[in-house]
Amino acid sequence: MSANDGCVIVGASLAGAKAAQALREEGFDGPLVLIGDESEQPYERPPLSKGYLTGKDAREPIYVHPPQWYAEHDLDLRLGMAVTAADPVAREVTLANGSRVGYGKLLLTTGSSPRRLPVPGADLERVLYLRRVEDSDHIKEAFRSASRAVVSGAGWVGLETTAAARMAGVEVTVLEMAELPLLRVLGREVARVFAELHRDLPGSAGERLAQHGGTPAGRG
Ligand SMILES: Cc1cc2nc3c(=O)[nH]c(=O)nc-3n(C[C@H](O)[C@H](O)[C@H](O)COP(=O)(O)OP(=O)(O)OC[C@H]3O[C@@H](n4cnc5c(N)ncnc54)[C@H](O)[C@@H]3O)c2cc1C
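Residues numbered from 1 in each chain as written. Predicted model: local features only at pLDDT ≥ 70, side-chain atom pairs only at ≥ 80, totals over all residues. Heavy atoms only, no water.

- The protein has the name FAD/NAD(P)-binding domain-containing protein in an unreviewed UniProt entry, where Streptomyces cahuitamycinicus is given as its organism.
- Per its UniProt entry, the protein bears the Cofactor (unreviewed entry) comment "FAD". (UniProt positions renumbered as here; feature names shortened; annotations may be inferred.)

Shown next as structure tokens:
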């Protein structure tokens, strides 16, 4: 069986790992390669702002499959390796180390990444983002020494992180561009309930709603 009979999946997270599972379950028995730029085996992100961040839940349950699953299903899992190019004519992808992998079918499950704050100071050491498991580890670690935090963005992830910080005894100020948290996803009526809920929580330093203005700059 040649590489042209095989399937390459780029992006080794939930969608990639589940697509590989579905292919095997549906009887695909050709070469199957799952390539991801993270060094962790595929994991689910929801716990990163919930039980894993608060320390209530362990690391193992975040993984999509147990480590042996990939070999058991004859899957070539390549981690810590970004795909830098795809050539649909030659039917091959190029990896960051210059090597190439041929494919018959190519599936892109490359997901999304957080929008970086376009303000001065956004790249300072104590400005953290939450997307990957190591981000969650860094934030959890920061909760141990920080007494105050500013959370930029009052969507689900921002508010869950806020709740986790307060549980760790960190005083939090939440900054949100819209006039209410979760306004876009929940609508005004329910968003108001969430705003009150968070204002009333112990450790809340209140919500400063920089409507339409965003976060102007960071220091320190
Ligand atoms: C903290 C947090 C909490 C969340 N909570 C919830 C929740 O409660 N409920 C809910 O429904 N959703 C939640 N989400 C959203 C949910 O996690 C995403 O919808 C889900 O991760 C999407 O999975 P995915 O596999 O499509 O993409 P992703 O998880 O984004 O994975 C894409 C993968 O592809 C890799 N990749 C990208 N480019 C390349 C490349 N060129 N080469 C190799 N690899 C590459 C990325 O590094 C990543 O590992 C949460 C997200 C976060 C960050």
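**Quick notes on the packing of aromatic side chains**
At step 1: Scanning all chains against the criterion turns up two aromatic pairs.
At step 2: Judged by centre distance (5.2 Å) and plane angle (80°), the rings of W69 and Y70 are edge-to-face.
At step 3: Exposure remark for W69: the relative accessible area of 9% places this residue in the buried category.
At step 4: Both rings, one in W156 and one in F194, keep their centres 5.5 Å apart while their planes meet at 85°; by these two values the pair is edge-to-face. Here F194 lies in helix α7 (residues 188–200) and W156 lies in helix α5 (residues 156–167), a separation of 38 residues in the sequence.
At step 5: Here the basic side chain of R116 rests over the ring of Y129, its NZ or CZ set 3.8 Å away from the ring centre.
At step 6: Just above the ring of Y52 sits the side chain of K140; from NZ or CZ to the centre is 3.8 Å. (Phe/Tyr/Trp six-rings, centres within 6.5 Å; stacked < 30°, edge-to-face > 60°. Buried < 20%, exposed > 50% of the residue type's maximum accessible area, 1.4 Å probe, protein only. Helix = DSSP H or I, 4+ residues; strand = E, 2+ residues; numbered from the N terminus. Lys NZ or Arg CZ within 6 Å of the ring centre and 35° of its normal.)

**Focus: the nonpolar core**
At step 1: If you look at the biggest cluster of nonpolar residues, it comprises 19 residues, and the most contacted ones within it are Y43, L48, V133 and F143.
At step 2: Secondary structure elements with two or more residues in this core: α2 (51–54), α4 (133–145), α5 and β9 (171–175).
At step 3: Taken domain by domain, the makeup of this core includes at least three residues from each of domain 1 (3–108) and domain 2 (133–211).
At step 4: Those residues within four positions of Y43 in sequence are excluded, and the remaining contacts are S13, L14, E38, L48, I62, Y63, V64, R131, R132 and V133. (Core = buried A, V, L, I, M, F, W, Y, C linked by side-chain atoms within 4.5 Å. Domains from an automatic or database assignment. Contact = heavy atoms within 4.5 Å.)

**As for unusual backbone geometry**
At step 1: We note that D74 has phi near 50°; this positive angle belongs to a residue other than glycine.
At step 2: With respect to the element layout, D74 can be found in the loop between α3 (69–72) and β3 (75–78).
At step 3: Judged by its relative accessible area of 58%, D74 is exposed.
At step 4: The phi dihedral of L182 is positive, around 60°, even though this residue is not glycine.
At step 5: Following the sequence through the fold, L182 ends up in the loop between β9 and α6 (183–186).

**Describing the pairing of strand β1 (residues 7–10)**
At step 1: Of the two faces of β1, the one holding C7 and I9 and the one holding V8 and V10 are both buried throughout.
At step 2: Note: β1 against strand β2 (residues 32–35), four bridges, orientation parallel. Looking at the pairing, V8 lines up with V33 of β2.
At step 3: The β-α-β motif built from β1, the intervening helix α1 (residues 14–25) and the parallel element β2 has right-handed crossover chirality.
At step 4: As paired strands, β1 and strand β7 (residues 105–108) are joined by four bridges and run parallel to one another. Looking at β7, one finds that V8 is bridged to L106. (Pairing = 2+ DSSP bridges. Right-handed = clockwise from strand over helix to strand, strands pointing away.)

**Some thoughts on α7**
At step 1: Spanning 13 residues, α7 covers 18 Å between terminal C-alpha atoms, matching the ideal 18 Å at 1.5 Å per step.
At step 2: All of the buried residues in α7 are A191, A195 and H198. Down the axis of α7, the buried side of the element spans an arc of 70°, and every buried residue falls inside it. α7 presents E189, V193 and D200 as exposed residues on the side facing more than 90 degrees away from its buried surface. (Expected span 1.5 Å × (residues − 1). Arc of directions from axis to C-beta.)

**Considerations on the sheet that holds β2**
At step 1: Taken in spatial order, the four strands of this open sheet run β3-β2-β1-β7, and their pairing is parallel. Each of the sheet's edge strands pairs with one partner strand only, and the pair in question is β3 and β7. In this sheet, adjacent strand axes meet at a mean angle of 15° when their direction is disregarded. (Axes fitted to C-alpha atoms, helices over the stretch in contact; angles between N-to-C directions.)

**With respect to the layout of surface pockets**
At step 1: Volume-wise, the second largest pocket comes out at about 500 Å³.
At step 2: Taken together, 28 residues form the lining of the second largest pocket, with D37, E38, R45, T110 and R132 sitting closest to its centre.
At step 3: Ranked by residues supplied to the lining of the second largest pocket, first place goes to α1 with three residues.
At step 4: Taken together, the residues of the lining of the second largest pocket sort by class into 12 nonpolar, nine polar and seven charged. (1 Å grid on protein atoms, 1.4 Å probe; cavity = no way out; pocket = protein on both sides within 12 Å on 5 of 7 lines; lining within 4 Å. Points joined across faces, edges and corners; volume = space filled by probe spheres on them. Nonpolar A, V, L, I, M, F, W, Y, C, P; charged D, E, K, R; others polar.)

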